[in-house]
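# Inside the fold
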Amino acid sequence: MHEQEVRGVDLRTYMRAMLRRKWLLLIPVLVGGVAGYLISISLSPVYEASSTVVMRSEEQLSEPLARLVGRSPHEEQLSRLQEKAKSTSFLVELVRALNMADDPGVQEWAEDMHEKDPAVSVEEYAEMRMVGFLETRIAVVRTSLNAFQVIVRDLDPDRAVLLAQHITNAFVGASNREQLEQIRSVHDFSVRQLVIYRQKLDEAEERLHEYQSSRITGRRIENPVNGANVGRVDVLISQAMVEGSDAQQRLDGWRTDLRNADSGAYTTLTGREFPELDSLVDQLAMLEREAAPALVMSASGPEISSLSVSIAEKKDQLRSAARSSAMVAAPGASQRAIDAFAEVRVASAEVEMIEARRSTLNRLMWNYTQGVASAPEEELELTRLTQEVESNRALYEAFLEQSAAGQINEALEAARAGGRFEVIEPPTRPLSPVAPDKIMIIGLSLLGGLVIGMGLILATEQGDSSFKSVEDVEAALGLTALATVPNADIFAEITKEAKKHRANNHRPTGGNPKLLRHLLRETPISFEFRRLTRKIARSGHGAPKSILVTSTNRGEGKTTTAASLAITLARHHAGTTVLVDCDLRKPRIHRVMEVDNTTGLSNALLRGNLEEGDVKATALPNLFVLPAGSDCDEPTRLVETFPDSRLMSELLSRYDHVIIDTAPNVAVPDALFVGARTDAVVLVVKAGVTPREVVTRGLELQRDERDNVIGVVVNDFEHVLPYYYDYKYYGYSRSSTEEARGERDA
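Residues numbered from 1 in each chain as written. Predicted model: local features only at pLDDT ≥ 70, side-chain atom pairs only at ≥ 80, totals over all residues. Heavy atoms only, no water.

## A word on the overall build of the protein chain
Put simply, the test is: Segments assigned H or I by DSSP are reported as helices when at least four residues long, segments assigned E as strands when at least two residues long, and all are numbered from the N terminus. Exposure classes here rest on a 1.4 Å probe applied to the protein chains alone. A residue is buried below 20% of its type maximum, exposed above 50%, and partly exposed in between. When checking whether two residues touch, look at their non-hydrogen atoms; a contact exists if any pair is within 4.5 Å. Where accessible areas are quoted, they stem from the Shrake-Rupley method and a 1.4 Å probe; at the residue level, only the protein chains shown are allowed to cover.
In terms of regular secondary structure, the protein chain is built from 29 helices and twelve strands. Looking at the protein chain as a whole, 45% of its 746 residues qualify as buried. Considering only intrachain contacts with a sequence separation of at least 6, the fraction spanning at least 24 residues in the protein chain is 82%. Split by element, the accessible area of the protein chain, about 38400 Å² in all, is 53% carbon and sulfur.

## Thoughts on the sheet that holds strand E8 (residues 616-617)
So the rule is basically this: Only when DSSP finds a minimum of two bridges between them are two strands counted as paired. Only the stretch in contact is used when fitting a helix axis, every axis being a line fitted to C-alpha atoms; angles between N-to-C directions are given from 0 to 180 degrees.
Read across the open sheet, the eight strands follow the order E5-E12-E11-E6-E10-E7-E9-E8; overall the sheet is mixed. Taken across any chain shown, the strands that pair with only one partner, and hence form the sheet edges, are strand E5 (481-485) and E8. Sheet strands in contact with helix H22 (residues 558-572) are strand E6 (546-551), strand E7 (577-581), strand E9 (623-626), strand E10 (657-661), strand E11 (680-686) and strand E12 (709-715), and its direction is about 170 degrees off that of E10. Strands in contact with helix H26 (residues 646-654) are E6, E7, E9 and E10; relative to E10, the strand with the most contacts, it is inclined by about 135 degrees.

## Regarding H26
The test is simple: In this context, the arc is that of the directions from the helix axis out to the C-beta atoms.
Within H26 the residues assigned to the buried category are Leu 647, Met 648, Glu 650 and Leu 651. Down the axis of H26, the sector holding all buried residues measures 160 degrees, keeping them to one side. Residues of H26 that are exposed and point over 90 degrees away from its buried face: Arg 646 and Ser 653. Against E7, helix H24 (601-607), E9 and E10 lie the buried residues of H26.

## A word on the packing of aromatic side chains
Rule in force here: Centre distance within 6.5 Å is the pairing criterion for rings of Phe, Tyr and Trp, where only the six-membered ring of Trp is used; planes under 30 degrees apart are then read as stacked, over 60 as edge-to-face, and the remainder as tilted. Definition used: whenever NZ (Lys) or CZ (Arg) falls within 6 Å of the ring centre and also within 35 degrees of the ring normal, the charge is taken to sit over that ring.
Taken as a whole and assessed by the stated rule, the structure comprises three aromatic pairs. Seen from their ring centres, Trp 109 and Tyr 125 are 6.2 Å apart, and the 90 degrees between their planes marks the pair as edge-to-face. Placement of the pair is Trp 109 in helix H7 (residues 104-116) and Tyr 125 in helix H8 (residues 122-135), with a sequence separation of 16 residues. Accessibility expressed as a relative area gives 27% for Trp 109, which makes it partly exposed. Residue Tyr 125 is classed as buried on the basis of its relative accessible area of 6%. Each ring, one from Phe 274 and one from Phe 341, has its centre 5.5 Å from the other, and the planes form 55 degrees; the classification is tilted. Residue Phe 274 is located in the loop between helix H11 (263-270) and helix H12 (275-297), and its partner Phe 341 is located in helix H14 (residues 335-370); the two are separated by 67 residues in the primary sequence. Taking NZ or CZ as reference, Arg 259 lies 4.5 Å from the ring centre of Tyr 266, over its face.

## Brief notes about the packing of H12 against helix H13 (residues 302-329)
Note the cut-off: Here the word oblique covers every angle except those under 35 degrees (roughly parallel), over 145 (roughly antiparallel) and from 65 to 115 (roughly perpendicular). Crossings are classed by handedness, with left-handed meaning an anticlockwise turn of the near helix from the far one by less than a right angle and right-handed meaning a clockwise turn. Classification used: nonpolar for Ala, Val, Leu, Ile, Met, Phe, Trp, Tyr, Cys and Pro, charged for Asp, Glu, Lys and Arg, polar for all others including Gly.
It is at 10 Å that the axes of H12 and H13 come closest, and there the two elements cross at 165 degrees. Accordingly, the angle class assigned to the pair H12 and H13 is roughly antiparallel. Crossing hand, H12 versus H13: left-handed. Where H12 approaches H13, its residues Glu 276, Leu 277, Leu 280, Val 281, Gln 283, Leu 284, Leu 287, Glu 288, Glu 290, Ala 291, Ala 294 and Leu 295 are matched on the opposing element by Glu 303, Ile 304, Leu 307, Ser 310, Ile 311, Lys 314, Lys 315, Gln 317, Leu 318, Ala 321, Ala 322 and Ser 325. Across the contact of H12 with H13, the residue classes break down as 14 nonpolar, four polar and six charged.

## As for the nonpolar core
Nonpolar side chains in soluble globular proteins generally cluster together in the buried interior. Our working rule: Buried Ala, Val, Leu, Ile, Met, Phe, Trp, Tyr and Cys residues form a nonpolar core when they are joined through side-chain atoms within 4.5 Å.
In this structure, Leu 515, Leu 579, Met 593 and Ile 659 are the most contacted members of the largest nonpolar core, which totals 38 residues. Sort the elements by how many residues they give to this core and H22 lands first, with seven residues. Leave out the neighbours within four places in its chain, and Met 593 touches Gly 511, Asn 512, Pro 513, Ala 563, Ile 567, Leu 579, Thr 618, Leu 623 and Val 625.

Interpretation note: all reported values are geometric properties and have no functional meaning in isolation.
Here's what the structure looks like:
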């Protein structure tokens, strides 16, 4: 549970990770910025020309014609215009009008495509190429309720203006022509409808006149439905429904025969209106309504027989009239098609007749159930015919009004004025390109680099198993963190000077190194190592006399830690201290402490005893250094003899504190041999670098020899105590003059 809390998502943890791995963040950002800049300068500039077009609507169409034409709102009209501007047909017309397909480059491309696919001509390929070119560079955008912009983008500003002008002119002209054609088509339609409704009105008036002449006044037809025959009425209604279904099937069958006989005649005949045939159908329906009350009283009789004869004669008349009308309407139709059309009209009449009978029976039944006497059939028929005449007359008069010469002329003029598209802002030559937006491209590139960098940091952090906190170190190793040493500038300066001395083959002999001078002053590093010595003194093993300082990998700061520990013990604790460099492979103590390395540990081990020149004095009176000495052939064998040698006994007897620096314990076993004979072992770990698996393995190896590891020193942990390491924050710093004077005195 504790480990989960330590490794949980923490904004401060990620901020520290980004600071620690800042190059993983900066490099993608820099690369993204450079890439964005190169892309922005490599893209060709794009220029934009636009024109504003408005649809004038000061004069409106008259209300009757507006209803007839069905003028749509501006929104719908402009939407249609937007679609038209992007349509292939409009763009093809534009390409042809401007001869854009004659461009040499386009013609060359079209010829190449024609060689690959000869099925399409060179001209068609050229037009296709230019249409595709225009589709990506033309836009129609609404700017208000009745205005819009035609926008054209191109690499050449002059060509952009030319395209915008031609597109606007062609677009406006085509749109106006389309509207005028629409008005003319409405006019033609109204004229045709005027003729039809004049004929319908005449026929309706004739039927009304005939009915009024033949009507017998004063005779009322009482409702024939009573309690004795109500069951018969139900049977007649059901029978009418069955007969209606059969009649509908016959109608569908004759329509199929007509379609199969002649599909062209079928389309022509079914798409036209035949008023004279409709009149005969209405008469048949009227006869069927007269027969319905008689059927209620009796299935046979003189009245039924008379009506049946009349119905049969009307059907024959309808069949004959249908054949005649078909021959006139479709002169090239076959006899089979003409006969089929006649049967279609008869079957259609039968459907209407049966429906008229059924509706009459239903009305009689409803009147019976409601206890109401039936209305006079003659009055009902008279009312129906009168309404039919009035309806046809109203429609005829409406079309007559709309089709009047003066009204149509007025409508056309109003359409020209009210539906005119006018250019109120012609296109002008653009002075600067609208694309590419270099600032946006560079900004997006920088943002992309930032996102990639943060992703790399997060991915690296997720895959990094090194220690990130003191709690993590203590929980994983089961050891106390004796010190957390920040990555101070002094360590970088020591490393830099050591490399410089090694490159120049310089052998310092003064024993007054920069690290010593730094630790003699009050600095965060000196404070931290004073805490380290106090914790070691209070460790469970007592105050150790000999301390081994090691690590699991190179570069973790064990040498500077051992040197700093020795300097702090010599200055702040009684007795003498000797710092021993037991890393015979890659010795560094002599460079850190700036002492001569001509003779040292290796020479003393080979001789079997210490001589006067082996141990080097330093600027601190009670601090001595035993460097590694000259190179040897078998360093491991030599180090293995050191813990039990006379030399080790002399060091322990001569000095109060023996601090030993050895090679990393995972790579070579030197630290294991020496650590088994020392009082305490201090393990140095570099935060955020060494994998915890390696550190755990090194600790296990050390404990297998002897369980005397007293704690861990964690390097590069400046973020553990942020304010402590900037102790000037608390006002305890000395002036730069005092610091310089203290350094000279040291």
